[in-house]
Amino acid sequence: MDIYTDNLLKLIVMSDIHLLPKGDVARGLDTAPRFMRAIQSVNTLHKDADLCVFAGDITEKSDVDAYKLFDEIRAGNDLPQRVLLGNHDDRDIYLEHANNPMLDENGFVAGFNDIKGHRILMLDSSEPGEKRGDLCEQRLEWTSERLSEAKAQDLKVILVLHHNPCALQMPVDTYRLAAPEKLLKVLHASGADIIQIIAGHCHITTAGSWGGYPSATISGNQHSVEPFLRGRTGQQDCYEAPAQYAVIMSDGVNCAVHFQCYVNESKIMNPELFPYKLDQKFEIFD
Ligand SMILES: [Fe+2]
Ligand SMILES: [Fe+2]
């Protein structure tokens, strides 16, 4: 390796693993062998990564056995790892069985890693029992403090959370991060150099910006959805693929987000498996 490569951050972000207890299958997709393929893919292609973040929806139904299976499969990867929670997870169940979980001082599954001039800031947007994510005052305050530190230390910030804060103009926006303007206010007020925001949750690959910050989402380990944009009616198609994770590479000036697909066959799934994708409502802006 040369000096440039030694200082180049490589961050893996996986999301929406949606594991069930071993052998259980939802909608014809067994997420466990898919997750094994994801780990195998990272082991083969990105052994040199600095960190691997699992950005929530670790399980489909918060079963203890599914969390155990998650630990079993991810043990096949040697990278430093961090785990975040999504709306399909239950914080209490996860924490009861998690081995050395990431926790902030308020008991939320949040934290940060400072690597090669970057702060990887990982937020807990899960609200057990709620499809929609949220960040309460305590979590916003914590985020603000971590951003101030990053600014003081001249660190570039990459923000990872489960719920997409950016409106995608798709029905999923009705359960994106609640009151995203509160987080945006904290980010703007911090003055921190936020170079990328990345989320899962929406099961689709997107890139764009949110309030001026580069923002991307990944499709994850379960089904993916077609871009079903405002104005569309009827059934939204769901696909068996891609299953993908993000590889973010940053030298502090150049930050690239790659979408690494480890399952790539795109077959439309039976619409009857997704009755809630028929005649969906779009988010209403006040
Ligand atoms: Fe999900
Ligand atoms: Fe989700």
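I will try to describe carefully the structure that is included in this document. (Residues numbered from 1 in each chain as written. Chains lettered and ligands numbered in written order. Predicted model: local features only at pLDDT ≥ 70, side-chain atom pairs only at ≥ 80, totals over all residues. Heavy atoms only, no water.)

**Side note on the sheet that holds strand β3 (residues 81-84)**
Move 1: The sheet built from five strands is open, its strands ordered β3-β2-β1-β12-β13 with mixed pairing. Because the sheet does not close on itself, it has two edges, and the strands there are β3 and β13 (255-263). If you compare each strand with its neighbour and ignore which way they point, the axes differ by 20° on average.
Move 2: Of the strand pairs in this sheet, strand β1 (residues 9-14) and strand β2 (residues 51-55) are connected by four bridges, and their pairing is parallel. Each residue of the ladder has a partner; that of V13, found in β2, is V53.
Move 3: Contacts from helix α2 (residues 31-45) reach β1, β2, β12 (243-250) and β13 within the one sheet, and its direction differs from that of β13 by about 130°. (Pairing = 2+ DSSP bridges. Helix = DSSP H or I, 4+ residues; strand = E, 2+ residues; numbered from the N terminus. Axes fitted to C-alpha atoms, helices over the stretch in contact; angles between N-to-C directions. Contact = heavy atoms within 4.5 Å.)

**Brief notes about the coordination of the iron ion (ligand 1)**
Ideal values for angles at a metal depend on the geometry: 109.5 degrees with four tetrahedral donors, 90 or 180 degrees with six octahedral donors.
Move 1: Distances from the iron ion (ligand 1) to its protein donors, D16 (OD), H18 (NE2), D57 (OD) and H203 (NE2), fall at 2.0 to 2.3 Å.
Move 2: Taken together, the four donor atoms coordinating the iron ion (ligand 1) span angles of 89 to 175° at the metal, a pattern that classifies the geometry as irregular.
Move 3: Binding-site remark: the iron ion (ligand 1) is held by donors from one chain whose sequence spacing is D-x1-H-x38-D-x145-H.
Move 4: Between the two metal centres, the iron ion (ligand 1) and the iron ion (ligand 2), the spacing is 3.5 Å, with D57 acting as a shared donor. Assigned by exposure class, D16 and H18 land together as buried. (Donors = N, O, S within 2.8 Å, 3.2 Å for Na, K, Ca; no water. Tetrahedral: all angles 85-135°; square planar, octahedral: opposite > 155°, others 65-115°. Buried < 20%, exposed > 50% of the residue type's maximum accessible area, 1.4 Å probe, protein only.)

**Quick look at the coordination of the iron ion (ligand 2)**
Move 1: Those protein atoms acting as donors to the iron ion (ligand 2) are D57 (OD), N87 (OD1), H162 (NE2) and H201 (ND1), and they sit at 2.1 to 2.3 Å.
Move 2: Within one chain, the residues donating to the iron ion (ligand 2) are spaced in sequence as D-x29-N-x74-H-x38-H.

**Some remarks on the sheet that holds strand β8 (residues 206-210)**
Move 1: Read from one edge of the open sheet, six strands run β4-β5-β6-β7-β9-β8, paired in mixed fashion. Whereas interior strands pair on both sides, the edge strands pair on one side only; in this sheet they are β4 (111-115) and β8. Direction aside, the axes of adjacent strands within the sheet are offset by 20° on average.
Move 2: Pairing analysis gives five bridges linking strand β5 (residues 118-122) to strand β6 (residues 156-161), with the strands arranged parallel. When the sheet's bridge partners are listed, H118 is paired in β6 with K156.
Move 3: Seen against the sheet, helix α5 (residues 137-152) touches β4, β5, β6 and β7 (193-199) and runs at an angle of roughly 175° to β5.

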